[in-house]
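# Coordinate inspection notes
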Amino acid sequence: ITAGLLGVAGSAAQGRADQRRAAGQAEYNRALEANRRENYYRQIDYQQRLAEFQEANYLEFAASAQKSLEGQFGAIFENLDQRRNMTMQSINKSAQKAATGMAFTATAAAESGITGSSLTQAMNAYQQAEARATSVEFENYKNTVRQGQRTMAAYRANAQSAVNRAMPAPLPPVQVPPPVGGVSEPS
């Protein structure tokens, strides 16, 4: 009888110890799950803040690149304006030189009484020289404009490449925490 009572008492004590162990394991599992969930939410929050920071930096860099590009384009347009003004001045000088030469030739011909084809040829020579100078100046200006366009295209491509390189890489997904194992209560 004593042995039976001791066996029952030992089994009851073992059962209570198993229940305490199971309760302790369940409490540990709840704490572990809460910790993993908290870490998961922290990682999500960190990734959102990091994404916002990267986007702000990217937008700031893109705005800076655009402003720089506008400045470079402005310098090219100023150079083209200066070149156009120089072209117009050169054409005006050629026209004035031709007009002066034609006036001098016409005056000299009138004083000396020269008429006919030699006078016409002399006048045509001045007009041809003026037309040739005008044509060369316009061709040079057109080439300068084309070069400016090529330079602007190169600046635009370089700026676009820099902006593309500055684009942040996608962030890796946050790993979902693994589930915590269940605890079986002793019978």
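Heads up: the structure comes first, above all this text.
Quick caveat: nothing in here was measured; it's all calculated off a predicted structure.

Inspection of the secondary structure assignment puts T105 in helix α1 (residues 2–112). Taking relative accessible area as the criterion, T105 reaches 15% and is therefore assigned buried. In terms of polar contacts, T105 uses its side chain to reach the backbone carbonyl oxygen of G101, at 2.8 Å. Polar side-chain contacts of T105 include one of 3.3 Å to the side chain of Y126. Ignoring any residue separated from it by four or fewer positions in sequence, one finds T105 in contact with L119, A122, M123 and Y126.

Another point: the packing of aromatic side chains. Evaluation of the coordinates by the stated rule reveals 1 aromatic pair. With a centroid separation of 5.7 Å and an interplanar angle of 55°, the aromatic rings of Y40 and Y41 are classed as tilted. A relative accessible area of 48% means that Y41 is categorised as partly exposed.

Counting 6 residues, the largest nonpolar core consists of L69, F73, I76, L80, M152 and A159. Of the residues forming this core, the biggest block, 4 residues, is contributed by α1. Not counting the four nearest positions on each side in its chain, I76 is found in contact with G148, T151, M152 and Y155.

Here we come to the environment of L171. Along the chain, the position of L171 falls in the segment after α2 (117–166). L171 sits in the partly exposed class, given a relative accessible area of 28%. Between the C-alpha atom of L171 and that of Q48, which follows or precedes it by 123 residues, the distance is 9.5 Å. Residues within four places of L171 in sequence aside, it is in contact with Q47, L50, A51 and Q54.

About the thresholds
Residues numbered from 1 in each chain as written. Predicted model: local features only at pLDDT ≥ 70, side-chain atom pairs only at ≥ 80, totals over all residues. Heavy atoms only, no water. Helix = DSSP H or I, 4+ residues; strand = E, 2+ residues; numbered from the N terminus. Buried < 20%, exposed > 50% of the residue type's maximum accessible area, 1.4 Å probe, protein only. Polar contact = N/O pair within 3.5 Å; in protein donor to acceptor, adjacent residues only side chain to side chain. Contact = heavy atoms within 4.5 Å. Phe/Tyr/Trp six-rings, centres within 6.5 Å; stacked < 30°, edge-to-face > 60°. Core = buried A, V, L, I, M, F, W, Y, C linked by side-chain atoms within 4.5 Å.

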